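Here are the chains, one letter per residue:
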Amino acid sequence: MDGFKLTSLCIACCWASAGYNIRIRDPSEQQRNDAVEYFNANVASYAEATGKTPGKVAVFVDLESAVQDAWLVFEVVPEKLNIKIETFAELERLVSASL
């Protein structure tokens, strides 16, 4: 697992350890499966620090489903300008539609 994926999963486990549900979007089935596997294997140890029941994880192929009803979105995509631009443009379109 590369560094940015591991970092994003650690962030997800931190939020889940406070009881928040996590929604992860990745177009790769393997990456989605790896995310769920990491989350399930590690979230309980993160939650030990908070004493709360951890939130659950859900994974999605498309961004629209992943950000539905979200109040906070973390962007974690490769550091390639074209991917960043496309991601933020889609996020802006999806968020603007929900306001």
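Residues numbered from 1 in each chain as written. Predicted model: local features only at pLDDT ≥ 70, side-chain atom pairs only at ≥ 80, totals over all residues. Heavy atoms only, no water.

Peer 1: Whenever I open this one, the overall build of the chain confuses me. Can you help?
Peer 2: Looking only at helices and strands, the chain has four helices and two strands in total. Starting at the N terminus and ending at the C terminus, the chain contains elements arranged as α-β-α-β-α-α. The globule rule puts the C-alpha radius of gyration for 99 residues at 13 Å, and the 14 Å found for the chain is close to it. Its C-alpha atoms put the chain at 40 × 30 × 20 Å along the principal axes. With 99 residues in all, the chain has 27% of them scored as buried. Long-range pairs, those at least 24 residues apart, make up 71% of the contacts in the chain between residues at least 6 apart in sequence. (Helix = DSSP H or I, 4+ residues; strand = E, 2+ residues; numbered from the N terminus. Rg over C-alpha atoms; globule rule 2.2 N^0.38 Å. Buried < 20%, exposed > 50% of the residue type's maximum accessible area, 1.4 Å probe, protein only. Contact = heavy atoms within 4.5 Å.)

Peer 1: Explain the nonpolar core to me, please; I cannot follow it from the model alone.
Peer 2: A general tendency of soluble globular proteins is for nonpolar side chains to be buried together. Within the largest apolar cluster, 11 residues are counted, these being Leu9, Ala12, Cys13, Ala16, Ile22, Ile24, Ala35, Tyr38, Phe39, Val43 and Val57. Once you skip the residues sitting within four places of it in the chain, Ile24 turns out to touch Leu9, Ala35, Val57, Ala58, Val59 and Phe60. (Core = buried A, V, L, I, M, F, W, Y, C linked by side-chain atoms within 4.5 Å.)

Peer 1: Even after reading the chapter, I still don't get the environment of Val95, so can you show me in this structure?
Peer 2: For Val95, the position within the fold is in helix 4 (residues 81–98). The exposure class assigned to Val95 is partly exposed, which follows from its relative accessible area of 39%. Distance from Val95 to Glu64, taken between C-alpha atoms, is 9.2 Å for residues 31 residues apart in sequence.

Peer 1: How should unusual backbone geometry be read in this particular structure?
Peer 2: The phi torsion of most residues other than glycine is negative, and most of the peptide bonds are trans. You will see that Asp69, though not glycine, has its phi angle at about 65°, which is positive. Residue placement: Asp69 occurs in the loop between helix 3 (63–67) and helix 4. Accessibility expressed as a relative area gives 77% for Asp69, which makes it exposed.

Peer 1: It is not clear to me how the pattern of salt bridges should be interpreted in this structure. Could you clarify?
Peer 2: A side chain of one charge can pair with a side chain of the opposite charge if their charged atoms are brought near each other. Evaluation of the coordinates by the stated rule reveals four salt bridges. Residue Lys84 pairs with Glu79 through a salt bridge whose shortest N-O separation is 2.9 Å. Classification of Lys84 by relative accessible area gives buried; the value is 15%. Judged by its relative accessible area of 69%, Glu79 falls in the exposed class. (Salt bridge = Lys/Arg side-chain N within 4 Å of Asp/Glu carboxyl O.)

Peer 1: Teacher, can you tell me more about the packing of aromatic side chains here?
Peer 2: Two numbers describe a pair of aromatic rings. These are the distance of the centres and the angle of the planes. Within this structure, the stated rule accounts for four aromatic pairs. For the ring pair Trp15 and Trp71, a centre distance of 5.8 Å and an interplane angle of 70° mean the geometry is edge-to-face. With Trp15 in helix 1 (residues 3–17) and Trp71 in the loop between helix 3 and helix 4, this pair connects stretches of sequence that are 56 residues apart. Note on Trp15: relative accessible area 30%, which makes it partly exposed. Seen in terms of ring centroids, Tyr20 and Trp71 are 5.8 Å apart; in terms of plane orientation they differ by 55°. Their pairing is tilted. Note that Tyr20 is positioned in the loop between helix 1 and strand 1 (22–25) and Trp71 in the loop between helix 3 and helix 4, a separation of 51 residues in sequence. On the basis of relative accessible area, Tyr20 is assigned to the partly exposed category, the value being 37%. In this structure an aromatic cluster arises from ring pairing among Trp15, Tyr20, Trp71 and Phe74. (Phe/Tyr/Trp six-rings, centres within 6.5 Å; stacked < 30°, edge-to-face > 60°.)

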